[in-house]
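Next come the chains, spelled out residue by residue.
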Amino acid sequence: MKRILFAAVGLLSLAGAVNAATLDEVKTRGSVNCGVSQGLPGFSSPNDKNEWGGLDVDFCRAIAAAIFNDPTKVKFSPLSAKDRFTALTSGAIDVLSRNTTWTMSRDTTLGFNFAGVIYYDGQGFLVRKSVGLKSAKELQGASICVQTGTSNELNVSDFFRANNMKNGEVIAFGTLDETVKAYESGRCDVFTADRSQLAAVRLKLTNAADHVILPETISKEPLGPLVRHGDDQWFDLVKWVYFALLNAEELGVTQKNVEEQVNSQNPDVKRLLGTDGKYGEGIGLTADWAVRIIKATGNYGEIYDRNVGPATPLGIERGLNNLWTKGGIQYGMPVR
Amino acid sequence: MSDVRLSGPPAASRRRWSWTDPKLRSSVIQIVLALIMVWLVWSFYANAQANLARLGIASGFGFLDNRAGFAISQTLIPYNESMSYGRAFVVGLLNTLLVAFLGVILATLIGFVMGVARLSKNVVIKALASAYVEITRNLPPLFQIMFWYLAVLSTLPGPRQSWGFGLQPLFNGIGSGLSGIGLGVLGAPISNFAASLSAPSVFVNNRGLVVPRPVFEDGSMAILYALIAAVVASFVIGRWAKKRREATGKPFPAFWTGLALIIALPLAASYAVGNPVTIETPELRGFNFVGGLRVIPEFVSLLLALAIYTGGFIAEIVRSGILAVSKGQSEAAHSLGLRNGPTLRLVIIPQAMRVIVPPLTSQYLNLTKNSSLGVAVGYPDLFAIFAGTTLNQTGQAIEIIAVTMAVYLTISIITSAIMGWYNKRVALVER
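Residues numbered from 1 in each chain as written. Chains lettered and ligands numbered in written order. Predicted model: local features only at pLDDT ≥ 70, side-chain atom pairs only at ≥ 80, totals over all residues.

- The name given to chain B in an unreviewed UniProt entry is Amino acid ABC transporter permease, and the organism recorded there is Xanthobacter autotrophicus.
- Under the heading Sequence similarities (unreviewed entry), UniProt records this for chain B: "Belongs to the binding-protein-dependent transport system permease family. HisMQ subfamily." (UniProt positions renumbered as here; feature names shortened; annotations may be inferred.)

- Within an unreviewed UniProt entry, the label attached to chain A reads Amino acid ABC transporter substrate-binding protein, and the organism entered is Xanthobacter autotrophicus.
- Under the UniProt heading Sequence similarities (unreviewed entry), the entry covering chain A gives this text: "Belongs to the bacterial solute-binding protein 3 family."

**Some remarks on the overall build of chain B**
Point 1. When helices and strands are tallied, chain B shows 15 helices and 8 strands.
Point 2. A compact globule built from 431 residues would reach a C-alpha radius of gyration of about 22 Å, whereas chain B, at 29 Å, exceeds it by more than 25%.
Point 3. Principal-axis analysis of the C-alpha atoms places the extent of chain B at approximately 95 × 70 × 45 Å.
Point 4. Classification of the 431 residues of chain B by burial places 30% in the buried group.
Point 5. Partitioning the intrachain contacts of chain B with sequence separation of at least 6 by distance along the chain shows that 71% fall at a separation of at least 24. (Helix = DSSP H or I, 4+ residues; strand = E, 2+ residues; numbered from the N terminus. Rg over C-alpha atoms; globule rule 2.2 N^0.38 Å. Buried ≥ 20, exposed ≤ 12 C-beta atoms within 10 Å, placed from the backbone. Contact = placed C-beta atoms within 7 Å.)

**Things to note about the environment of A209(A)**
Point 1. On the secondary structure map, A209(A) appears in the loop between α8 (195–204) and β12 (211–213).
Point 2. C-alpha of A209(A) to C-alpha of K129(A): the two residues are 80 residues apart in sequence and 8.1 Å apart in space.

**Some thoughts on the confidence of the model for chain B**
Point 1. Summing up the model confidence of chain B, the mean pLDDT is 87 and the portion of residues at 70 or higher is 91%.
Point 2. Predicted as a complex, the structure gets a pTM of 0.84 and an ipTM equal to 0.85. (pLDDT = per-residue confidence, 0-100.)

**Regarding the domain arrangement of chain A**
Note: interface size is frequently given as the accessible area lost on complex formation between the parts.
All names here are of chain A.
Point 1. Once the domains are mapped, chain A shows domain 1 (2–120 + 223–323) and domain 2 (123–219).
Point 2. Counting from both sides, the interface comprises 15 residues of domain 1 and, opposite them, 15 residues of domain 2.
Point 3. Each residue belonging to the side of domain 1 that touches domain 2 can be placed in one class, and the counts come to 8 nonpolar, 6 polar and 1 charged. (Domains from an automatic or database assignment. Nonpolar A, V, L, I, M, F, W, Y, C, P; charged D, E, K, R; others polar.)

**Brief notes about the sheet that holds strand β1 (residues 163–165) of chain B**
All names here are of chain B.
Point 1. Pairing is antiparallel across the open sheet formed by 4 strands, whose spatial order is β1-β2-β3-β8. Where the open sheet ends on each side, the last strands, each with one partner, are β1 and β8 (293–295). Put simply, the sheet's adjacent strands are angled 15° from each other on average, direction ignored.
Point 2. Both strand β2 (residues 202–205) and strand β3 (residues 208–211) contribute to a ladder of 3 bridges, which runs antiparallel. Residue pairing for β3: F203 is matched across the bridge by V210. (Pairing = 2+ DSSP bridges. Axes fitted to C-alpha atoms, helices over the stretch in contact; angles between N-to-C directions.)

**Some points on the packing of helix α14 (residues 382–394) of chain B against helix α15 (residues 397–426) of chain B**
Residue and element names in this part refer to chain B.
Point 1. Taken N-terminus to C-terminus, the directions of α14 and α15 make an angle of 170°; their axes are 10 Å apart at the nearest point. In terms of axis orientation, α14 runs roughly antiparallel to α15. Contacts between α14 and α15 involve L382, F383, F386, A387, T390 and L391 from the former and A397, I400, I401, T404 and V407 from the latter.
Point 2. Considered class by class, the residues forming the contact of α14 with α15 number 9 nonpolar, 2 polar and no charged. (Parallel < 35°, antiparallel > 145°, perpendicular 65-115°, else oblique.)

**Here's the deal with the interface of chain A and chain B**
Point 1. Contact residues are listed per partner, giving 42 residues for chain A and 37 residues for chain B.
Point 2. Across the side of chain A that touches chain B, the residue classes tally to 15 nonpolar, 18 polar and 9 charged.

**Here we look at the UniProt feature "transmembrane region" (unreviewed entry) in chain B**
Residue and element names in this part refer to chain B.
Point 1. Following the UniProt record, one finds the feature "transmembrane region" (unreviewed entry) at residues 24–45, 88–117, 222–241, 253–273, 299–318 and 400–422.
Point 2. Annotated as residues 24–45, this span is 100% helix and 0% strand, and its ends, taken at the C-alpha atoms, are 32 Å apart.
Point 3. The span residues 222–241 carries 100% helix and 0% strand; its end-to-end C-alpha distance comes to 28 Å.

**Details of the sheet that holds strand β9 (residues 143–147) of chain A**
The pairing of strands in a sheet comes from backbone hydrogen bonds and takes either a parallel or an antiparallel form.
All names here are of chain A.
Point 1. The strand order β10-β9-β11-β8-β12 describes an open sheet built from 5 strands, whose pairing is mixed. Edge positions in the sheet fall to β10 (169–173) and β12, since each has one partner strand and no second. Direction aside, the axes of adjacent strands within the sheet are offset by 30° on average.
Point 2. For β9 and strand β11 (residues 190–194), the ladder comprises 2 bridges, and the chain directions are parallel. Within the sheet, the bridge partner assigned to I144 lies in β11 and is V190.
Point 3. Seen against the sheet, helix α6 (residues 151–162) touches β8 (123–128), β9, β10 and β11 and runs at an angle of roughly 150° to β9.

**Considerations on the nonpolar core**
Point 1. Counting 158 residues, the largest nonpolar core has I63(A), C145(A), V190(A), V238(A), V241(A), L245(A) and I293(A) as its most contacted members.
Point 2. At 14 residues, the largest contribution of residues to this core is made by helix α11 (residues 297–323) of chain B.
Point 3. Looking at which domains feed residues into this core, each of domain 1 (2–120 + 223–323) and domain 2 (123–219) of chain A gives three or more.
Point 4. Here L245(A) is in contact with A62(A), I293(A), N299(A), Y300(A) and I303(A), once residues within four sequence places are set aside.
Point 5. Judged by nonpolar contacts, the second largest core, of 5 residues, contains I223(B), A230(B), L265(B) and A269(B). (Core = buried A, V, L, I, M, F, W, Y, C linked by C-beta atoms within 7 Å.)

So this is what it looks like as structure tokens:
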């Protein structure tokens, strides 16, 4: 089984010597190994031609574009919530871009660094309309399906405890598919996960209109890409790919106009696109690193709109994920 | 004892380095191998320590005291999310032991019945048993677990449409029947018990099987003592009956006597101390049933799948064991006037056990290890709780995998030891 394999690989590689710089390894290999979900529309899911797409997937493509000038040089590894960290620790993947919540223990004792927050989310509840619930506070005694190895599994216990709701049961399943299947079959009254995930799962259910997401958001779920401890250069690279996407949107640099923007006289645009200074060399790349990214994937806003925005089946408004200049909290650090 | 040296020159004069000396050669090779193993283990350990420190990953077993924070759907001991990872580990271990223990018993029963049925002269029974063995042995256990969970149990109705069964008429019938034949001492507590059941009290739905829960109040210990006394008594009767049969050839229905004792003694004790056991019946409140005992479908599907899958293998082992007993044995038994049942029970099976027990042990071990597949249907066993959720949350792969390995190894070694002891008892005593 994959889980055992990862654990074994994890043990062996922890016991072996892993020391080479990730960027050098990636360049020698010719592709970025990127951990994604096993299929979550809008974030990372394969289409009918088996091409991966989504917010998390596009972020990995942006990394590949920055390094190789080719967004297709990514190898995607679909991972369950439970196996994802072992895969990253063991070196099976270079970056985990899999709707993963930034928490303190993951950032510290588990040995990872989060490069940024690509999507600000929160946990919610999906229930059948026929149950006639108005609020999550009425979930006393309910059976709840959750995917194991997620922050959701912990939050739901806390929520029930904090609201003094007893007699419920939480059944934890190994993968998202198994969890959703159990909810659909009636084993559970409630399916709980991040709201974006609920929206995506709801669309996949046989009759989406029969299900409703309750209004409460019970937690903060800042989702972002993460890397292993111990390689600052690679951490910087992933972090600045994220900031480049945000800065490009803020400066109005898009996939279409990036060629013209290279000639822009705006000093911020010049530094971002490498016509002034050689900031890209600071992360082991060339000065025009950001041009390659934007050409391949577009800026953050374009990626958002393409995958989860109002024009997509998911139809999620920007909200918190808007730029800080437009009422959201997405904020790109300055290139300087 | 080798006497080679005695016939040669004195040993001291020949003690030189020589590859032609097989003893010296083999000890040198063994020492070198042992050193390589020590070096390998040490370098694994040192590398792991260095890499963990470099990656800034916590190590050690301190995490066992930390707050687990996750809920578990089946707990045999009190547990909630504010308890520690260590407690969660025990909960998972008990869940594994529960499903393995019941699975072994159920698989053995199914296996013996099916193994004997495959040798039946009745064509229909034989065909059914053969079909069972061929189907269950040749489908992967994970598939069978998913089949029971998704194709069978999940099609049951929801809590509000539960199938309800009333136990009141059943117990009432037994109680008044016993009283009717003059066994009021037994019948009265059963009738009392029946009166406390408000029908229906047993429910089956897609959340599991809900049954009334006995609540033990003051004086219940008397029932426990009576039960222990009954078990001891039936054990003694069994030994006595065996001895008598071997000495005189007269059979005695020890099994039925024992069963009657085990049922009757606790009932009589309960009556004597004034029926201290009350019943908590489940009732539908909100989403689910509240009160009573609930067996979750994750457990049922895992138990059924493991028992039925392993039962297929055990049936073949039993069949081969019976076939290994020569035909003359049953012919001799028949010629002594024994009917088919006693022949099988007293002559064939005891001899077949010698062939059956060793491979049976492997099947018990397989069943225990296969219980880790329960993670696929959300059964909270040791593997799911500890090597799954706890590993994911603490990231301490080395410690957790090592502990999990040690636990499965210990369970298996204990099982092997018990079966080894049993095997010695049934083995042919050679004179």
